[in-house]
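Results of the structural survey
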Amino acid sequence: MTDRPSADPRPHALTPAWPERAAWGTATSLRAWQTAAMRQYVDAHPRDFLTVATPGAGKTTFALTVAAELLGRRIVDRVTIVAPTEHLKLQWAEAAARAGMPIDPTYAAGKGKTSQEYVGIAVTYAGVAVNPLAMRIRTERFKTLVILDEVHHAGDALSWGEGIREAFEPATRRLALTGTPFRSDVNPIPFVSYAPGDDGVPRSVADFTYGYAHALADHVVRPVLFLAYSGEMQWRTRAGDEIAARLGEPLTKDLTNQALRTALDPQGSWMPSVLEAADRRLSEVRRHVPDAGGLVIATDQDSARAYAKLLKQISGEAATVVLSDEKLASKRISEFSANDKRWMVAVRMVSEGVDVPRLAVGVYATTTSTPLFFAQAVGRFVRARTRGETASVFLPSVPSLLGFASEMEVQRDHVLGRRINDEGDIFAAENDLLAQANATEAASAELELSFEALGSEARFDRVLYDGGEFGHSGEVHVGSEEEMDFLGIPGLLEPDQMRELLHHRQSERARKQKAAAAPEPDTVAEVSTHEQLAILRRELNGLVAAWHHRTGQAHGITHAALRKECGGPAAAVATAEQLHERIDRIREWAVRRSS
């Protein structure tokens, strides 16, 4: 059968753009942001529309609603969906089928024909780049809506961007979707508008944005509890030198990579300890969310298989292993999503777009440490099903990862290089290339040869939640009561309850430690050690986070006001008496400002 428009290609089971106008019981309601975006889209009737919505917010539903509206109005008569991976093609086709929109996920460029039963096809960016001319001919034959899922991937390679532009330039409508648009390269994303920012650097401009902060306030996504682990690492260089360092302390780039790879070595003690802690956390969550699952994101296939063996020993249950080059990978993900097994281990395949709503606990066990990948990985755990669910992500105490975790609510755009303003900035482009080279995800070949992990030991470091840090005096042993203060947090808590519980447990543990280590009369306890200063910083950050949620004032502005009001930085505190005085003054300031 040829691929020609049928007499009536409109699917009758599609959800209408305005569910409130449909007959009762015939359509599900859209979320508030989806309705707002849909109203803007219909009013503007644009040819190109970029929607930036945080992972888990429901971009697929929005896009299919747009498709239903355009098909119903005969503005288009065919839909083409472009996704990053083969698995996501199938996921889109399944979602479209549930909406009554048959999509062919097996179509290949150059095929030329598809069954008359389908109203559209699903392809990958790589597939389009192979034969963009064939896709262009198909796009010209029909009035086509093109849905570009995770459109930032169109900038992954210059050939991909050129192929997408050539194939879909004739499209009637183009709808671009992304949850993480930020990149730092010179490859423009096709069909995306750019405008210079305050610094003169071109940045992507979204037509509709729904960020993590908004989604969290609307209970569309889960809040994330980050549990960071540090510890002592030992490794040997190619020259035979043995190096010992603490994970998370200031190190050079190469030493940081070596310390991280030592921690992630399945033969050491760090990974088994962290996986055991994560499994205990999963057990606690499953007391309230019985089908909650966990995901370990590994660097490579060998590590993934080794982590699965460790999880089998720890939990007594075999873990689902997903490897991207296996034909059954998509089937295994779907099966894991539908069952109630505890753990899945994967390499990079499930870092973006894969929908497994029951994932509640994650272990970030990969050397990939770019902000884009981190946001995509954490996005696998934030999809909310019921109110009160909280995601828990275990990660190494690496400064870059801790920084990403504390900036979950920051919105970023695609930045197109730097503008050269004067002669002093003439080497800006070269400097950018050098910075990118220094920030590569994998170590160099020489570094790979010069490295041998010798041993590792894990220590519980801190918890990051809602921009604040929580923990006890210094690092604590895995399996200790101090660690269980945080691993044992109930699996169902509202965000305000979570903040209150974290503050309470930290304060209660600090009070017990203070009582147990009470000084002799007439003696003064010095607080110059990093452990005591860490307590001050964590309590201060917790108070600032609470103030942010009460007033909406940015964390940085609050810190600046505190320094002005309370007399300099917290590091200037020298004695226990001054420490208590500083905390009292901060609390008094908060009460005074709130009254």
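Predicted model only: the values in this text are computed from it and were never measured.

Some details on the overall build of the protein chain
Per the secondary structure count, the protein chain includes 20 helices and 23 strands. Counting only residues that meet the buried cut, the protein chain has 51% of its 595 residues in that class. About 27100 Å² of surface is accessible on the protein chain, with carbon and sulfur atoms providing 52% of the total.

Here we look at the nonpolar core
Within the largest apolar cluster, 121 residues are counted, with the highest numbers of intra-cluster contacts made by Trp270, Tyr307 and Phe394. Top element by residues in this core is helix H9 (residues 270–286). It accounts for eight residues. Excluding residues within four positions of it along the chain, Trp270 makes contact with Tyr229, Ser230, Met233, Leu247, Ala263, Leu264, Pro396, Ser456, Glu457 and Ala458. With 21 residues, the next largest nonpolar core counts Leu50, Tyr107, Leu148 and Ala167 among its residues.

Here's the deal with the side chain of Thr390
Mapped onto the elements of the fold, Thr390 is located in the loop between helix H12 (371–378) and strand E18 (391–396). Contacts of Thr390, omitting those with residues within four sequence positions, involve Arg222, Pro223, Leu225, Ala360, Gly491, Leu493 and Met498.

Comments concerning the sheet that holds strand E6 (residues 173–178)
In space, the seven strands of this open sheet follow the order E3-E4-E2-E5-E6-E1-E10, with parallel pairing throughout. Looking at strand neighbours, the two that pair on one side only are strand E3 (103–104) and strand E10 (208–210), the edges of this open sheet. One ladder, built from five bridges, connects strand E1 (residues 48–53) with E6; its direction is parallel. Of the residues in E6, the one forming a bridge with Val52 is Thr178.

Some remarks on empty space enclosed by the protein
Rolled over the atoms, a probe as big as a water molecule pinpoints where empty space is left. If you walk through the whole model with that rule in mind, you get five cavities of 30 Å³ or more. Estimates place the volume of the largest cavity at around 90 Å³. Lining of the largest cavity is provided by 13 residues; of these, His219, Val221, Pro223, Gly388 and Glu389 occupy positions nearest its centre. The residue inventory of the lining of the largest cavity, partitioned by class, reads six nonpolar, three polar and four charged.

A look at helix H2 (residues 59–72)
Side chains three or four residues apart in an α-helix point the same way, a direct result of the helix having 3.6 residues per turn. For H2, with 14 residues, the first-to-last C-alpha span of 20 Å sits near the 20 Å given by 1.5 Å per residue. Most of H2 sits inside the fold, with eleven of its 14 residues counted as buried. If you follow the buried residues of H2, they end up packed against helix H1 (32–44), E1, strand E2 (78–83), helix H3 (86–98), strand E5 (144–148) and E6. Arg74 sits one or two residues past H2 and shows a positive phi near 60 degrees.

Details of the pairing of E6
Burial within E6 is extensive, with six of its six residues counted as buried. Covered by surrounding structure in E6 are Arg173, Leu175 and Leu177 together with Arg174, Ala176 and Thr178, the residues of both alternating faces. Pairing of E5 with E6, which is carried by four bridges, proceeds in the parallel orientation. Counted as the bridge partner of Ile147 is Leu175 from E6.

Let's talk about the pattern of salt bridges
Opposite charge on two side chains lets them pair, provided their charged atoms get close. By the definition in use, this model includes 22 salt bridges. A salt bridge links Glu494 to Arg387, with the nearest nitrogen and oxygen atoms 3.2 Å apart. Residue Glu494 is found in the loop between helix H16 (481–487) and helix H17 (495–516), and its partner Arg387 is found in the loop between H12 and E18; the two are separated by 107 residues along the sequence. The exposure class assigned to Arg387 is exposed, which follows from its relative accessible area of 54%.

Points about the packing of helix H5 (residues 132–141) against helix H6 (residues 158–168)
Relative orientation of the contacting elements H5 and H6 amounts to 25 degrees, with a least axis distance of 7 Å. With respect to their mutual orientation, H5 and H6 come out roughly parallel. Between H5 and H6 lies a crossing of right-handed hand. Of H6, the residues touching H5 (which contributes Pro132, Leu133, Met135, Arg136 and Thr139) are Gly163, Glu166, Ala167 and Phe168. Tallied by class, residues from the contact of H5 with H6 come to five nonpolar, two polar and two charged.

Quick notes on the packing of H2 against H3
Where H2 meets H3, the closest approach of the two axes is 11 Å, and the angle between their N-to-C directions is 55 degrees. Here H2 lies oblique to H3, going by the angle between them. Handedness of the crossing formed by H2 with H3: right-handed. Contact residues: Thr60, Ala63 and Leu64 in H2; Trp92, Ala95 and Ala96 in H3. A breakdown of the residues in the contact of H2 with H3 according to their chemical character gives five nonpolar, one polar and no charged.

Notes on unusual backbone geometry
Positive phi values are uncommon outside glycine, yet Arg74 reaches one of about 60 degrees. With respect to the helices and strands, Arg74 occurs in the loop between H2 and E2. Here His219, not a glycine, exhibits a phi torsion of approximately 60 degrees, which is positive. Mapped onto the elements of the fold, His219 is located in the loop between helix H7 (212–217) and strand E11 (224–230).

Observations concerning the confidence of the model for the protein chain
In this model, the protein chain carries a mean pLDDT of 79, and residues with pLDDT of at least 70 account for 71%. Of all helices and strands in the protein chain, the one with the weakest mean pLDDT is helix H14 (residues 428–438) (40), whereas E5 scores best (97). Here residues 1–27 is a poorly scored stretch, pLDDT under 50, and it has 62 contacts once near neighbours within four places are set aside; other chains count.

Here is what the cut-offs are and how they apply
Residues numbered from 1 in each chain as written. Predicted model: local features only at pLDDT ≥ 70, side-chain atom pairs only at ≥ 80, totals over all residues. Heavy atoms only, no water. Helix = DSSP H or I, 4+ residues; strand = E, 2+ residues; numbered from the N terminus. Buried < 20%, exposed > 50% of the residue type's maximum accessible area, 1.4 Å probe, protein only. Areas by Shrake-Rupley, 256 points an atom, 1.4 Å probe, with all protein chains shown as cover. Core = buried A, V, L, I, M, F, W, Y, C linked by side-chain atoms within 4.5 Å. Contact = heavy atoms within 4.5 Å. Pairing = 2+ DSSP bridges. 1 Å grid on protein atoms, 1.4 Å probe; cavity = no way out; pocket = protein on both sides within 12 Å on 5 of 7 lines; lining within 4 Å. Points joined across faces, edges and corners; volume = space filled by probe spheres on them. Nonpolar A, V, L, I, M, F, W, Y, C, P; charged D, E, K, R; others polar. Expected span 1.5 Å × (residues − 1). Salt bridge = Lys/Arg side-chain N within 4 Å of Asp/Glu carboxyl O. Axes fitted to C-alpha atoms, helices over the stretch in contact; angles between N-to-C directions. Parallel < 35°, antiparallel > 145°, perpendicular 65-115°, else oblique. Left-handed = near helix turned anticlockwise from the far one by under 90°. pLDDT = per-residue confidence, 0-100.

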